[in-house]
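This is what each chain is made of:
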Amino acid sequence: MLQIALLGFGVVGSGTAEVLTENQKQIAAYCGDEVNVKYILDLREFPEHPLGDRVVHDIKVILDDPEVVLVAEMMGGAHPAYDFTRAALEAGKSVVTSNKEVVATFGAELLELAREKGVSYLFEASVGGGIPIIRPMQTDLASNEILSVSGILNGTTNFILTKMKNEGAEFSDVLREAQKKGYAEANPSADVDGLDAARKIVILAALAFGKLLNPNEISTTGITGITKDHTAVADKLGCAVKLIGHTEKIDGKVLALVSPYLVSGSNPICHVDDVYNGILVDANMLGRALFYGAGAGKLPTASAVVADIIDVLSHRFTERKLPVWVPAKADEIAAVEDYACRRCYLIEGCSRCAEKAKAALGTDTVVTLEGGRFAVVSKEMTEREATEAIASTGLTPIFCLPVLD
């Protein structure tokens, strides 16, 4: 029997126990032995739960038990989750996690420690909930050079933007509905300000390019400023407003950012709606591949945690090759001003103003809106070039959004 421990017994932790119990025979067949939850670490007691007698309150109980070969960390937050993860790896136990904050902040260090100790550190559930994306990028796309990764990485913001698009509603009204439905927290900042997506795109950037950026230092713009004007322009252009995490290389340097985009109707991400996530990987041999599904939720995320448990335990007699990440140095990080894409400007003005904007931005893509306004979409330009071009017209944009084609 293979003994494991769960750290945290909230939504994902209890879901992981449910998946392990419900699919026990199938999991045992994959692992070559029965998997047993020997301990559950939590501050609370769960007397009514079938596994309530496994609850302990001291991490040392788990660390000091040589029978425990794997720890699944689902506590959330940086501390003490990081401290317990590091301690478990030091004790020679493999760790799997759903904790994006720990992976995004300490992933390079923890992967190196796991290699030193000859154990595993896996984190499939840290990005995209139940969507398989981490393992495919490490294995199935290993023969490819990753060119870019773009994704809807937060279901709460996608729900809000979908409702704004379909119902012409204002941000504040839809946010209240999302909170009532349980999609958004009472304090929704991590979602609507883009912090959650920033951690996830940093993880995907590290997988793609081997460099771990600081999620607190990448360019991050949330959706609190999105209005009916944005959705009206998107509708006119056959696009949708989506909060996108994007990473690519620019002249050998890694760029990662989070921003609302106008996503073109020809891009499959445009049609990923409600609480679903969609991650588009562009590789030099494969081309574009879309990974789509439930980006959060108890059982979808738990299924990804258990997939990592199975992966570790079924390969316990073989040496695992873990990704090598190194913290990105300042001269390895691309400036967002050098990021080239098409950009959409909403401007108040007459037809003569529209002609000036078209000439400056090198485009013929202009649509008129009510109230004496027009939207113009530039040719592909860096942010620096586009800012200088629009400034040369003397026009003052109401807003500017990058375009994802």
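For the structure itself, consult the block above.
Residues numbered from 1 in each chain as written. Predicted model: local features only at pLDDT ≥ 70, side-chain atom pairs only at ≥ 80, totals over all residues. Heavy atoms only, no water.

(A) How the structure looks around the packing of helix 7 (residues 155–167) against helix 8 (residues 171–181). Two elements in contact, helix 7 and helix 8, have axes separated by 9 Å at closest approach and are oriented at 130°. In terms of orientation, helix 7 and helix 8 fall into the oblique class. Handedness of the crossing formed by helix 7 with helix 8: right-handed. In this structure, helix 7 contributes F159, I160, K163 and M164 to the contact, and helix 8 contributes F171, V174, L175, E177, A178 and K181. Partitioning the contact of helix 7 with helix 8 into residue classes produces 7 nonpolar, no polar and 3 charged. (Axes fitted to C-alpha atoms, helices over the stretch in contact; angles between N-to-C directions. Helix = DSSP H or I, 4+ residues; strand = E, 2+ residues; numbered from the N terminus. Parallel < 35°, antiparallel > 145°, perpendicular 65-115°, else oblique. Left-handed = near helix turned anticlockwise from the far one by under 90°. Contact = heavy atoms within 4.5 Å. Nonpolar A, V, L, I, M, F, W, Y, C, P; charged D, E, K, R; others polar.)

(B) Here's a closer look at the pairing of strand 2 (residues 35–41). Counting buried residues along strand 2, 6 of its 7 residues qualify, which places the element largely inside the surrounding structure. Looking at chain direction, strand 2 and strand 3 (residues 55–56) are connected through 2 bridges and run parallel. Pairing of I40 across the sheet is with V55, part of strand 3. (Buried < 20%, exposed > 50% of the residue type's maximum accessible area, 1.4 Å probe, protein only. Pairing = 2+ DSSP bridges.)

(C) How the structure looks around the packing of helix 1 (residues 11–22) against helix 12 (residues 298–314). Direction vectors running N to C along helix 1 and helix 12 enclose 65°, while the axes themselves pass 8 Å from each other. Crossing geometry of helix 1 relative to helix 12 is assigned as right-handed. Taken together, the residues of helix 12 that come into contact with helix 1 (itself represented by V11, V12, S14, G15, T16, E18, V19 and L20) are K298, L299, T301, A302, S303, V305, V306 and I309. Its residues assigned to classes, the contact of helix 1 with helix 12 shows 9 nonpolar, 5 polar and 2 charged.

(D) Region of interest: helix 8. Within helix 8 the residues assigned to the buried category are F171, V174, L175 and A178. Down the axis of helix 8, the smallest arc covering the buried residues is 105°, so these residues share one side. Buried positions along helix 8 lie against helix 7 and helix 9 (189–192). Directly after helix 8, the chain includes G182, whose backbone phi takes a positive value near 85°. (Arc of directions from axis to C-beta.)

(E) Quick peek at the side chain of R373. As for its position among the elements, R373 is in strand 17 (residues 373–377). The class for R373 is buried, based on a relative accessible area of 19%. Apart from the residues lying within four places of it in its own chain, the contact partners of R373 are D229, L346, I347, E348, G349, T368 and I398.

(F) Quick peek at the side chain of N99. As for its position among the elements, N99 is in the loop between strand 5 (94–97) and helix 5 (100–117). From its side chain, N99 meets the backbone nitrogen of E101 in a polar contact 3.2 Å long. (Polar contact = N/O pair within 3.5 Å; in protein donor to acceptor, adjacent residues only side chain to side chain.)

(G) Geometry of the environment of G210. Looking at the secondary structure, you find G210 in the loop between helix 10 (195–209) and strand 8 (211–212). When residues no more than four places from it in sequence are discounted, the contact partners of G210 are A205, V324, W325 and V326.

(H) Structural detail: unusual backbone geometry. Look at the link from H79 to P80: it is a cis peptide, with omega at 10°. Note that P80 resides in the loop between strand 4 (68–73) and helix 4 (81–90). One non-glycine residue, D251, lies in the positive phi region at around 50°. With respect to the helices, strands and loops of the structure, D251 is situated in the loop between strand 10 (239–250) and strand 11 (253–264).

(I) Examining the nonpolar core more closely. Judged by nonpolar contacts, the single largest core of 121 residues is most densely connected at I62, I160, L204 and W325. For this core, the element with the most residues is helix 10, which contributes 11 residues. Setting aside residues no more than four positions away along its own chain, L204 makes contact with V127, I133, I134, M137, V149, L153 and I279. (Core = buried A, V, L, I, M, F, W, Y, C linked by side-chain atoms within 4.5 Å.)

(J) Representation of the packing of aromatic side chains. Counted according to the given criterion, the structure contains 6 aromatic pairs. With a centroid separation of 4.0 Å and an interplanar angle of 25°, the aromatic rings of Y82 and F106 are classed as stacked. Highlighted residues: Y82 in helix 4 and F106 in helix 5, separated in sequence by 24 residues. The burial state of Y82 is the same as that of F106; both residues are buried. Look at F159 and Y183: their rings are 4.8 Å apart centre to centre, the planes differ by 65°, and that puts the pair in the edge-to-face class. One end of the pair, F159, is in helix 7; the other, Y183, is in the loop between helix 8 and helix 9, with 24 residues separating them in the sequence. (Phe/Tyr/Trp six-rings, centres within 6.5 Å; stacked < 30°, edge-to-face > 60°.)

(K) Quick peek at the state of the cysteines. Taken as a whole, this structure holds 0 disulfides when the rule is applied. The closest cysteine sulfur to the non-disulfide-bonded C341 is located on C400, 7.9 Å from its own sulfur. Using a relative accessible area of 4% as the deciding quantity, one classes C341 as buried. C400 provides the cysteine sulfur closest to C344, a residue in no disulfide bond, and the two sulfurs are 7.5 Å apart. What makes C344 buried here is its relative accessible area of 0%. (Disulfide = S-S within 2.5 Å.)

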